Structures are given as structure tokens and as C-alpha cells.
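Here is how the chains run, residue by residue.
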Amino acid sequence: MTTDRHNSNRSGPSAYLKAIANDNSLPIEQAALDLWLKDLQNPLRWGMRPLLQFIFAILLHITWFFKRLPLPQFSAHNSLQKLICWFCTHFVSKEANLLILRHYATESNVLNFLAANSRNSGVNPVQLYPKCVADMQHASFVEHDQQLFRLFAELGSWHHPKQPLTAGELNWQHWQSIDMAQFEFTEKRTQWLDFESAHALFMCLFCLLLTREEYRDAINGFNLDQSIAIRIGDLVGDKSLSEMAYNKYPHYLVGPWNLGQRFLMHGFFTEQLYAYLEQQRKQQQA
């Protein structure tokens, strides 16, 4: 009887996955957590991903070295977007695709909140809220990075306020709550690739089809997470927000080493900061 019970437990989520499924110490929406937990249980993540990451990490550094040579630079943004969207449509799992679409929305909301509540509140808001994979050809990955850099440049130097804003002073003008029902997705039988395995395949493509400056900026843009957290922490009066940022110290430029983990932790950061601010917004409305 004990052995049968033990074997039946092994067929479901592990003890650790059950533990983190109920851990709400860090803010995260249940919809995002459910998608991630299901993605973690994709058997390809534990079988294929390590091999893909090993092979493509080597290819990525070779491509990175090639792009750093004093040769004429080239880029192919449209081709890059079409290839990614085609691959997502046919081979990337539903959970991974929905997490990617959520990331556009979470980061756009966080940046728009920062802009609306800063001194230079006249900055144009970020409008990247794709609802399906096809939308990402226009609300592109390249534009996603460029909007972040544009906003930081237009906001200018940060003046740490002496006092945080009160709940009534916080501006939610451009905030768009995420409704999973608004995402349009048609699942195919061939869509079996987990989030991290898909990213391992994308890494070299990004490096090859962007100029060396565009790619260098993109992989270092993650480090602005700490700056975003510090600024929003000043606005809402919560210094602990900077602890959510795994990627830090934007003045120290890095290469593609450990890119997969840095990319993933950037996604967690935006999800957590979005969930934190959404809780604040709902409390203010109540």
C-alpha cells in the first residue's frame, strides 16, 4: 500500500513544485504561476533543454565573436520577427507563448507606471500589448528593448523624492490590467517546446540578425531592472522592491554568458513588480 501511494505521488507534481505552488511570499498572479508550473513539468525541459543550451551556448559565443569583428554590420529585424513568430506558432507550447505575451504587458505596465509618476510625466507611454503571436511581428522583440531605452533617456536623471507619493497621488492613467481571456491562441499538436528550450534556440538568431550594438544593448537592458525597482520603490515608499531585481548594476556591461538565466529572471522580475503594483491599484480603488 505504501509503495503504491509513493508511485502514484511520483506521477504528479513533485513535493517541491507543490510547495512553490502555494508560496505567495513574492507577488505573482495565479495565472502566471499556473503557466510556469505547467511549463516546468514539460519533460523536454529536463531532457532536451540541457543539451540545447550547451550546444547553442557554444554557437552563441562563436556568433558573438563573429559580430564583434571589424566587419560591416547587418541586421534583419523583419526576418527575425517573422521567424520567431512562425516558430512560436508551430513549435512553442501554449504555456510558453502565453508567458511571452504576458511579458510584453507586464513590462509595458511597469514602464508606463514609472513614466506617469515621474517628474517628466509627458513621456509617451509604451504601447506594446500584443494579444496573439501574430501581433508580435509588429509589437516586436526589438521594439520592446528600444522602448525601454527610449523611456529611460526621455525621463532623464532620477531625482529621489524626499517623500513617496500618497495612494491618491499615484497615476494609473496608462495601466492595463492583464486579462488572460483577451489572449487569442490556437493550440497545435506540434507545439511542445518549453519556454527555456525555445529561448535557447532563439539566442543565436538574435545575435546574428541584430547589429552588434543592438544585441549588446539588448542583453544588457536586463540590468535596468534594478534601476526600475529603485525608482518605483521611491514612488510608492517601499525600498524592498529592489530585492526583486536579479539583474543589477547597469553601468557594468556583460556579454552573453549566463544569458538564459538572466533572461528568465528578468521575466520573473516584471511579473512580480506588475503583481505588486496591481495589488496596490486594487487596494486604492477599494
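Preceding block: the structure.
These lines cover the structure that appears in this document, whether it is placed above or below. Not measured: the values here are computed from a predicted model.

### A few points about the environment of G255
Next, step 1: Turning to its location among the elements, G255 is positioned in the loop between helix 10 (224-236) and helix 11 (259-285).
Next, step 2: The spacing of G255 and W64 is 191 residues in sequence and 8.5 Å in space, taken between C-alpha atoms.
Next, step 3: Ignoring any residue separated from it by four or fewer positions in sequence, one finds G255 in contact with W64, I219 and R262.

### Things to note about the nonpolar core
One broad trend across soluble globular proteins is that nonpolar side chains are buried collectively.
Next, step 1: Ranked by size, the top nonpolar core spans 77 residues in total, and within it F113, L151, Y215, I228, I232, L273 and L277 carry the most contacts.
Next, step 2: Considering each element in turn, this core owes the most residues, twelve residues, to helix 6 (residues 94-116).
Next, step 3: Every residue in contact with I232, bar those within four places of it in the chain, is listed here: V110, F113, L114, L241, L273 and L277.

### Observations concerning the pattern of salt bridges
Next, step 1: The full count for this structure, using the stated rule, is ten salt bridges.
Next, step 2: A salt bridge links E196 to R45, with the shortest nitrogen-to-oxygen separation between them at 2.5 Å. Separated by 151 residues along the polypeptide, E196 in helix 8 (residues 195-209) and R45 in helix 4 (residues 43-68) bring together distant segments of the chain.
Next, step 3: When its relative accessible area of 9% is taken as the criterion, R45 is described as buried.
Next, step 4: One salt bridge in this structure joins E278 and R281, with 2.9 Å as the shortest N-O distance. Note that E278 and R281 are positioned in helix 11 at a spacing of three residues, about one turn of the helix.
Next, step 5: Given the relative accessible area of 4%, E278 is considered buried.
Next, step 6: Accessibility expressed as a relative area gives 13% for R281, which makes it buried.

### So, empty space enclosed by the protein
Next, step 1: The tally for this structure, following the rule as stated, stands at three cavities of 30 Å³ or more.
Next, step 2: Quantified by volume, the largest cavity comes out at close to 640 Å³.
Next, step 3: Lining the largest cavity are 33 residues, with H103, F141, H199, F222 and F263 sitting closest to its centre.
Next, step 4: Taken together, the elements giving at least two residues each to the lining of the largest cavity come down to helix 3 (30-40), helix 6, helix 7 (141-155), helix 8, helix 9 (212-220) and helix 11.
Next, step 5: Looking at which element gives the most residues to the lining of the largest cavity, the answer is helix 11, with eight residues.

### Observations regarding the packing of aromatic side chains
Next, step 1: On inspection of all chains with the given rule, the structure shows 14 aromatic pairs.
Next, step 2: Measuring from centroid to centroid gives 5.2 Å for W175 and Y274, while their planes differ by 5°, and the two rings are stacked. Linking W175 in the loop between helix 7 and helix 8 with Y274 in helix 11, this pair joins segments that are 99 residues apart in sequence. As far as the burial class goes, W175 and Y274 line up, both buried.
Next, step 3: Three or more aromatic residues link up through ring pairs in this structure, and these residues are W36, F195, F222, F263 and F268.
Next, step 4: In this structure, R45 is placed above the aromatic ring of W46, and the distance from its NZ or CZ to the ring centre is 4.3 Å.
Next, step 5: Between the NZ or CZ atom of K67 and the centre of the ring of F74, over which it lies, the distance is 3.8 Å.

Conventions adopted
- The residue numbers shown here count from 1 along each chain, following its written sequence.
- The predicted nature of this model means local features are confined to residues of pLDDT at least 70 and side-chain atom pairs, given and counted, to a pLDDT of 80 or more, with totals for whole chains, interfaces and linings taken over all residues.
- Side-chain calculation: all heavy atoms of the structure are included, whereas hydrogens and water are not.
- A run of H or I in DSSP counts as a helix once it spans at least four residues, and a run of E counts as a strand once it spans at least two, with each numbered from the N terminus.
- Note on contacts: a residue pair qualifies if any of its non-hydrogen atoms lie within 4.5 Å across the two residues.
- Only buried Ala, Val, Leu, Ile, Met, Phe, Trp, Tyr and Cys residues count toward a nonpolar core, and they belong to the same one when joined by side-chain atoms within 4.5 Å.
- Type-normalised accessible area, obtained with a 1.4 Å probe on protein chains alone, sets the label of each residue: buried when under 20%, exposed when over 50%, and partly exposed for intermediate values.
- Each salt bridge in this description consists of a side-chain nitrogen of Lys or Arg and a carboxyl oxygen of Asp or Glu lying within 4 Å of one another.
- Both cavities and pockets are sets of points on a 1 Å grid over the protein atoms alone; in a cavity a 1.4 Å probe fits but cannot get out, in a pocket the set is open with protein on both sides within 12 Å along at least five of seven lines, and lining residues sit with an atom within 4 Å of a point.
- Grid points are joined across faces, edges and corners, and a volume is the space filled by probe spheres set on the points.
- Here a pair means two rings of Phe, Tyr or Trp (six-membered ring of Trp) with centres within 6.5 Å. Their orientation is stacked below 30 degrees between planes, edge-to-face above 60, and tilted elsewhere.
- Lysine NZ or arginine CZ positioned within 6 Å of the ring centre and within 35 degrees of the ring normal marks a charge as sitting over the ring.

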